[in-house]
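Chain residues, written in single-letter form:
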Amino acid sequence: MRRWTNVLDDRWIGAVGVFLGVALLAVTPYAVRASTALIPGTDVLFVRGDFYPRVTAALLIVTGLWLFASDWLRAARGRRAEPWPGRALTLPEVVWSALFLVGLTAYVYLIINVGFAIGCAIVFVILGKLLGGKLHWVIVMSISVTLAMDAVFGLLFRIPLPGRIFA
Amino acid sequence: MINNIVLGLEQIADPQIILIIAFGVALGLVFGALPGLTATMAIALVAPLTFALEPLLALPFLVGVYRGGLYGGVFTAVLLGVPGTPANVPTVLDGYEMAKQGYPQSALQYSLFGSVAGALFSSILLFTIITPAARLALAIGAPEIFALLLFSMTLVTYISGARLPKGLLAAAIGIFLGMVGLDPIVGTPRFTFGHVGLTAGVPIIAMFIGLFAIPELTALVEQRAREVYRKGESAATAPVRATFSAPDDSIRLRDVVRYYWRRILVSAGIGAFIGVLPGIGSETSPWLAYAAARKGKHGDNLGKGEPEGIIASEVANDAVVGAAFTPLLAFGIPGDLPLAVMLGALMAQGLRPGPALVRDNPEVLFGIVAAVFVSSMLLYVIVRPLAGVVKEVVRVPTWVLAPLILGLSVAGSFGVNNRAFDLWVMVVFGAVGYLMRKTAIPLAPLVLAFVLSSTLETSFRESLLLEGDFSVFLSSPLAIALFLLSALVIASSIVLDLRKKSEELPEAARASTERVDE
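Residues numbered from 1 in each chain as written. Chains lettered and ligands numbered in written order. Predicted model: local features only at pLDDT ≥ 70, side-chain atom pairs only at ≥ 80, totals over all residues. Heavy atoms only, no water.

**Student:** Explain the overall build of chain A here, please?
**Tutor:** What chain A contains, in helices and strands, is 6 helices and 2 strands. In chain A, the order of α-helices and β-strands from amino to carboxyl end is β-α-α-α-β-α-α-α. By the burial criterion, 40% of the 167 residues in chain A qualify as buried. By sequence separation, contacts in chain A at least 24 residues apart represent 61% of the contacts at least 6 residues apart. In the structure as shown, chain A presents an accessible area of about 8700 Å², 73% of it carried by carbon and sulfur atoms. (Helix = DSSP H or I, 4+ residues; strand = E, 2+ residues; numbered from the N terminus. Buried < 20%, exposed > 50% of the residue type's maximum accessible area, 1.4 Å probe, protein only. Contact = heavy atoms within 4.5 Å. Areas by Shrake-Rupley, 256 points an atom, 1.4 Å probe, with all protein chains shown as cover.)

Structure follows, in structure tokens:
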């Protein structure tokens, strides 16, 4: 089985940090409309709204570059990458996780458009089967948990979930 | 001080409140016992359910969930050799070993007695120091608050367990996320991109549920992927489940106190000291206490089922709790990660811990303090009868557990603001949390920086409004001391990191030599 090591390593994370920092600096003039709203009698540079985002952006860029550079130097000196259990990804794990996150997005879409009860019932069956349950027990579990949650959240805590059975 | 203690106890001297604390402890126990769930997740998932309750019902309930959640991890640690929470890792070393030797009941009881001892110690300590801490909180101004928050953030990155750049990057991302919403001084929208849903900032509970619960679900899915593609390997690596072969291996509380009172006091002191330091979590104190136990009389037996190892770890673990509430309630700085989530719940109730709470709602503040004390006592009362039930809970199969967590996550995220936007926030941060886990970026700095970001910025800009320049931060001795401490923390972290790298050099050289020889 193929093993992917260093699929997501520090160099990528450093690049993300730099990107975030640059993006933050770029959108700051758009985002901070208070740049002209001066407070009388104060130093303009430090008190207006865009100073703090600029400092945060600088911190993001510095730490991103630091991470980026330190890992490149580490690799150049022939040292092993920092061991971390979550790093060693296999292809099936990546695919299953990605599918799960896509499924989660579909689940939220279902809940919003079809309703909490139906969305839960469908998704719980798929998830339960994916995780190794026998189909008939998974269906029983899905219906029981959906009804229980609908009752608890809808009736007891009065949360207006879309498409409740116990309204 | 006595008046404040009486005030606090008066607030919760109501059977309804005592019952809700007990229910919270029981619920937290179940959450903590379930593999993969933590006290932090428990609070994030149940917090939305408390928003319909009054503060003096909601907050004691969350305190109970926290208390139960911290202890619940002991069950998987002792019975399965899997720590329920990071703070239970030292308990595995001796607890699981003792259980494998045929004394699981003793191991659980040593843990229970240790937890209750630590919890009571820190609760009494909290009662003692909360009043002077509250007075100090009222006496300090914006520059001191800014310095204290900055110090907390540096401490968090120091002990985050990962390299300093990753901790700082996580903190910077947390600060950025905290800026989304309205400018705290001028009130204009920032980084909302015109979206109404972001006007009040990133929804905190949905974000926490996404960061903590969704990656756990993906971990369960990945575990299943491994099982499917590695059939045949799983039997060899399956953990040995402890069986209850010894019918009567129970121990008595008075024997534990008589033989281990010194260890209890030392470990409680370590836990309380760590807990009071803002930003440092309960994961650190059990290890420090365990290390101290290694130097004790039975140090050589640690790791072989020695009761002192279990007691040291669990006393320190629970001693953190009461102490960690001190910086939260007095200064608004969460003592550890579950309290950061609880801070979000407090803010959603319209309460802002810190000097404002001390001044405007002292009955709520001392009510929470009293709830911490009462939950410590209730822990013993509840765990004894429920232990049998919880032992079965750890056997819940993954295909039942995962849908439960998913359903709770969705209902909890939606229930805060009753809008679909929060569900999408949960999904986005679920992906973010997954990526952070895979790339070893710690969550603690991000979460703590996020909850502290607003107060950090407000205190910074209010300080500058006082004088108009940076000299305001040099006018306070406390602020100067805290800035120097922050610089020291960062400098020592860099030095430790460099020293670790220089120790790796001979290993790398040896490894490359071996490769050449091959």
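**Student:** Would you explain the nonpolar core in this entry?
**Tutor:** In terms of nonpolar packing, the biggest core is built from 189 residues, with A:Tyr107, B:Tyr66, B:Phe75, B:Met207, B:Phe208, B:Phe212 and B:Phe325 touching the most fellow members. Broken down by element, the residue count for this core peaks at 15 residues, all from helix H16 (residues 362-393) of chain B. The contacts of B:Phe208, once residues within four sequence positions are left out, are B:Ala44, B:Ala213, B:Ala340, B:Val341, B:Val447, B:Phe450 and B:Val451. Judged by nonpolar contacts, the second largest core, of 8 residues, contains B:Ala289, B:Tyr290, B:Ala312 and B:Ala316. (Core = buried A, V, L, I, M, F, W, Y, C linked by side-chain atoms within 4.5 Å.)

**Student:** Where do I start with the pattern of salt bridges in this structure?
**Tutor:** Side-chain pairing between opposite charges can occur once the charged atoms of the two side chains come close. Residues and elements named next belong to chain B. Tallied over the full model, the rule gives 6 salt bridges over all chains. Among the salt bridges present, the one from Arg 67 reaches Asp 318, with a minimum N-O distance of 3.6 Å. Remark: Asp 318 occurs in helix H13 (residues 307-331) and Arg 67 occurs in helix H4 (residues 55-79); sequence separation between them is 251 residues. Accessibility classification places Arg 67 together with Asp 318 in one group, the buried group. (Salt bridge = Lys/Arg side-chain N within 4 Å of Asp/Glu carboxyl O.)

**Student:** Honestly, a nonpolar patch on the surface in this entry has me stumped. Any pointers?
**Tutor:** All names here are of chain B. A cluster of nonpolar side chains, namely Phe 121, Leu 253, Val 257, Trp 261 and Leu 265, defines an oily patch on the protein surface of about 440 Å² accessible area. Among the elements that line the nonpolar patch, the one with the most residues is helix H11 (residues 253-276), at 4 residues. Under the relative-accessibility criterion, Leu 265 is labelled partly exposed at 47%. (Patch = residues over 30% accessible without salt bridge, like charges linked within 9 Å, V, L, I, M, F, W, Y side chains within 5 Å.)

**Student:** Please explain unusual backbone geometry as it appears in this structure.
**Tutor:** Generally, phi is negative for residues other than glycine and the peptide bonds are trans, each holding for most cases. Located in the positive-phi region is B:Asn418, a residue other than glycine, with phi close to 55°. Locating B:Asn418 in the fold gives a position in the loop between helix H17 (398-417) and helix H18 (421-438).

**Student:** What am I meant to see in the packing of aromatic side chains here?
**Tutor:** For any pair of aromatic rings, the description consists of the separation of the ring centres together with the inter-plane angle of the planes. Residue and element names in this part refer to chain B. Within this structure, the stated rule accounts for 15 aromatic pairs over all chains. Taking the centre distance of 6.2 Å and the plane angle of 90° together, the rings of Tyr 110 and Tyr 260 count as edge-to-face. With Tyr 110 in helix H6 (residues 104-139) and Tyr 260 in helix H11, the pair connects residues that are 150 residues apart, well separated along the chain. The same class applies to Tyr 110 as to Tyr 260, namely buried. (Phe/Tyr/Trp six-rings, centres within 6.5 Å; stacked < 30°, edge-to-face > 60°.)

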